[in-house]
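Inside the fold
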Amino acid sequence: MNYGTQQPPSPENKSKTIWKVLRVQLTIFAAYQILIGFLSIGSGTYDILFKDMAPLLIHELVLLILMILSFSKKQEGAGYGYLLSLIIVMVVGFGSCCYLSSVLSQ
């Protein structure tokens, strides 16, 4: 047995990693949006917007940090998954905030 040689790392399956990261992040996003919706039923108008915007910004900040860390560690599949999650969370999350503000302003 030759203990001095190291095995090369197995290649990363990028498409599988992208969808795994995307699935986990969008599940987290949906869970806290639903939870915020149930918790905000009897709240005031601007309280709902703050409850919706604050977790969204924190989630996007975490996704941005994880994306940068993944690309710096040469884990491109995870990095692209976080990038795609960030884009989807931004579009859907800020879209829901804009919708809420238009509904509440009437």
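Here's a quick rundown of the structure. Since we're looking at a predicted model, the values are computed, not measured.

Parameters at a glance
One numbering rule holds for all chains: residues counted from 1, following each sequence as written. Per-residue local features of the predicted model are confined to residues with pLDDT of at least 70, and side-chain atom pairs are confined, for both listing and counting, to 80 or more; whole-chain, interface and lining totals are unaffected and use all residues. Side-chain figures throughout are based on the complete set of non-hydrogen atoms in the structure, without hydrogens or water. In this description a helix means any DSSP run of H or I spanning at least four residues, a strand means any run of E spanning at least two, and both kinds are numbered starting from the N terminus. For each residue, the accessible area found with a 1.4 Å probe, counting protein chains only, is set against the maximum for its type, and the residue is called buried under 20%, exposed over 50%, and partly exposed in between. Any two residues whose heavy atoms approach within 4.5 Å at even a single point are treated as in contact. For every accessible area listed, the method is Shrake-Rupley and the probe measures 1.4 Å; residues are considered covered only by the protein chains on display. Any residue with relative accessible area above 30% and no salt bridge may belong to a patch, with like charges joined within 9 Å and the nonpolar Val, Leu, Ile, Met, Phe, Trp and Tyr side chains within 5 Å. Each salt bridge in this description consists of a side-chain nitrogen of Lys or Arg and a carboxyl oxygen of Asp or Glu lying within 4 Å of one another.

Counting its secondary structure elements, the chain contains three helices and zero strands. Secondary structure of the chain in N-to-C order comes out as α-α-α. Scored against the burial criterion, the 106 residues of the chain give a buried share of 26%. Considering only intrachain contacts with a sequence separation of at least 6, the fraction spanning at least 24 residues in the chain is 73%. For the chain, the accessible surface area stands at approximately 7,500 Å², while carbon and sulfur atoms represent 70% of it.

Let us now look at the side chain of Glu 60. Counting through the fold element by element, Glu 60 comes out in helix H2 (residues 45-72). Glu 60 sits in the buried class, given a relative accessible area of 9%.

Moving on: a nonpolar patch on the surface. Taken together, Leu 61, Leu 64, Ile 65, Ile 68 and Leu 69 make up a surface patch of nonpolar side chains, about 440 Å² in accessible area. Considering the arrangement of structural elements, one finds Ile 65 in helix H2. Residue class for Ile 65 comes out partly exposed when judged on its relative accessible area of 45%.

Note that Phe 29 resides in helix H1 (residues 14-39). In this structure the C-alpha to C-alpha distance between Phe 29 and Ser 85, which are 56 residues apart in sequence, comes to 9.6 Å. Once residues within four sequence positions are removed from consideration, Phe 29 is found in contact with Leu 56, His 59, Val 89, Val 92 and Gly 93.

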